[in-house]
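Listed here are the chains, written in short residue letters.
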Amino acid sequence: LHTIRASKTSFDFESYMLEKASEVNKALERFISLEEPSKVRESIRYSLLAGGKRIRPMLCLAACELVGGDDSKAMPAACAVEMIHTMSLMHDDLPCIDNSDMRRGKPTNHKEFGEPVALLAGDALLALAFEHVAGATRRVPAERVVRTIRELGRSCGCQGIPTGQIADLDYEGMSGEIGLQHMEYVHMRKTGALLEASVVSGAILGGADDEEIEKLRKFSRCIGLLFQVIDDILDITKSSEELGKTAGTDLVLDKSTYPKLIGIENSRESAQKLNGEAKEELAGFDPEKTLQLIALTDYITYRGN
Ligand code: GRG
């Protein structure tokens with residue numbers, strides 16, 4: 001939060017983010033309380049309440065507000081996208097995929113609870129996300145809730161996160177245009193699909209018309225790629241800092257990244273371009289109401305982690 005560059009607007013983004021993150025955390029805490037303690041709940045709480053920037057819920061709430069809805073209409077969906085995100089991290093960290101030991105500053109879920117519990121708690125969390133949207137959304141026509149469930153389902157089905165993850169695992173040192181195309185295919189699904197579902201769900205629940213939904217879909221596709229370009233740049237700059245080097249393009253990486261394919265300067269330019277394209281999609285909306293999404297776009301662009 002401290003790394004956000006001054007926005008051109010007078011909007012106090014830091015207070016906004018802290019307030020929204022705290023509301024989302026409270027809603028998640030309430031939903032997955034330990035009233036009926038069980039191993040699966042403990043495991044879910046361990047990862048879900050472990051921090052995280054809460055970017056996806058904030059996008060969902062901001063899109064809802066942009067089209068005139070209040071937060072309460074989108075809060076269950078905002079929690080659901082964080083649940084889907086967290087379960088994807090729990091599964092991604094498993095030995096059969098990324099085999100990671102640490103996540104959000106703590107030992108990964110399977111290090112704490114064992115592989116079978118981490119796997120099954122991730123499955124349960126995915127189901128809970130849908131249960132929550134269907135059961136807790138209030139004052140929204142049923143047709144809009146169903147449409148939201150469809151968007152969320154698409155993000156974690158065959159056109160979404162798992163397909164992107166599998167394509168990422170299948171990367172075989174492609175370079176040039178083919179490498180770039182492959183990488184965009186991966187990121188549109190692995191990272192972009194859920195960011196898109198977050199924004200579009202918020203818009204649907206807030207009462208957007210079809211034209212507004214499509215504009216916001218385009219906006220979210222820009223920020224999906226933007227998010228990943230920045231992630232890749234941060235990976236390089238962080239590793240360089242850790243190695244006591246200056247940022248460079250000569251690091252050997254075992255996966256396809258923007259800096260590896262197009263160089264770090266071009267990656268930065270690409271991020272700027274995507275930032276501009278995302279904001280252009282917001283041009284037709286009430287300028288006052290776009291401040292949150294503009295600030296979130298800048299946050300994604302200039303974040304330090
Ligand atoms: C969703 C059905 C289903 C299965 C999951 C394992 C798997 C399939 C997918 C892996 C997806 C993955 C790890 C994508 C990377 C997403 C990403 C950019 C994570 C970092 O997001 P931040 O920076 O993290 O928002 P915090 O911790 O702040 O929430």
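Residues numbered from 1 in each chain as written. Predicted model: local features only at pLDDT ≥ 70, side-chain atom pairs only at ≥ 80, totals over all residues.

Asks: Looking at this structure, I do not really get the site of the ligand. What am I missing?
Replies: In the vicinity of the ligand, 19 residues are found, and the nearest of them are Gly52, Lys53, Asp92, Cys156 and Gln165. At the level of elements, helix H4 (71–92) and helix H8 (161–169) are the ones that each hand at least two residues to the shell around the ligand. With six residues, the single largest contributor to the shell around the ligand is H4. Looking at the shell around the ligand residue by residue, the class counts come to eight nonpolar, six polar and five charged. (Near = placed C-beta within 6 Å. Helix = DSSP H or I, 4+ residues; strand = E, 2+ residues; numbered from the N terminus. Nonpolar A, V, L, I, M, F, W, Y, C, P; charged D, E, K, R; others polar.)

Asks: What's the story with helix H2 (residues 39–48) in this structure? I'm lost.
Replies: Given 3.6 residues to a turn, an α-helix orients residues that are three or four positions apart in the same direction. For H2, the set of buried residues is Ser43, Ile44, Tyr46, Ser47 and Leu48. The elements touched by buried residues of H2 are helix H1 (13–31), H4, helix H5 (109–113) and helix H6 (115–136). (Buried ≥ 20, exposed ≤ 12 C-beta atoms within 10 Å, placed from the backbone. Contact = placed C-beta atoms within 7 Å.)

Asks: In this structure, what is going on with the packing of helix H3 (residues 55–66) against helix H10 (residues 192–206)? I would like to understand it.
Replies: The angle between the axes and the distance between the axes are what describe a pair of packed helices. Contact geometry of H3 with H10 gives a least axis separation of 7 Å together with a crossing angle of 30°. In terms of orientation, H3 lies roughly parallel with respect to H10. Where H3 crosses over H10, the two elements pack in a sense that is right-handed. Between H3 and H10, the residues in contact are Arg56, Leu59, Cys60, Leu61, Ala62, Ala63, Cys64 and Glu65 and Leu194, Leu195, Ser198, Val199, Ser201, Gly202, Ala203, Leu205 and Gly206, respectively. Across the contact of H3 with H10, the residue classes tally to eleven nonpolar, four polar and two charged. (Axes fitted to C-alpha atoms, helices over the stretch in contact; angles between N-to-C directions. Parallel < 35°, antiparallel > 145°, perpendicular 65-115°, else oblique. Left-handed = near helix turned anticlockwise from the far one by under 90°.)

Asks: Just to check I follow, could you spell out H6 for this structure?
Replies: Between the first and last C-alpha of H6 there are 31 Å, a value that for 22 residues agrees with the 32 Å anticipated at 1.5 Å per step. Those residues of H6 lying buried are Ala118, Ala121, Gly122, Leu125, Leu126, Leu128, Ala129, His132 and Val133. Down the axis of H6, the sector holding all buried residues measures 160°, keeping them to one side. Relative to its buried face, H6 has exposed residues pointing more than 90 degrees away, namely Pro116, Ala127 and Gly135. (Expected span 1.5 Å × (residues − 1). Arc of directions from axis to C-beta.)

Asks: Can you help me understand the nonpolar core in this one?
Replies: Across soluble globular proteins, nonpolar side chains have a tendency to be buried as a group. Within the largest apolar cluster, 76 residues are counted, with the highest numbers of intra-cluster contacts made by Cys60, Ala63, Ile84 and Leu226. Examining the composition of this core, we find that twelve residues originate from one element, H4, more than from any other. Contacts of alanine 63, omitting those with residues within four sequence positions, involve Val199, Gly202, Ala203, Gly206, Leu216 and Leu293. (Core = buried A, V, L, I, M, F, W, Y, C linked by C-beta atoms within 7 Å.)

Asks: Sorry if this is basic, but what is going on with the environment of glutamine 181 here?
Replies: In this structure, glutamine 181 sits in helix H9 (residues 176–190). Residues glutamine 181 and serine 22 lie 159 residues apart in sequence; the distance between their C-alpha atoms is 38 Å.

Asks: In this structure, what is going on with the packing of H1 against H4? I would like to understand it.
Replies: Following both chains from N to C, one finds H1 and H4 inclined at 80°, their axes separated by 10 Å at the closest point. Considering their axes alone, H1 and H4 lie roughly perpendicular with respect to each other. The residues of H4 that touch H1, namely those facing Val24, Ala27, Leu28 and Phe31, are Met75, Ala78, Cys79 and Glu82. Along the lines of polarity and charge, the residues of the contact of H1 with H4 split into seven nonpolar, no polar and one charged.

All we've got here are geometric facts, nothing functional implied.
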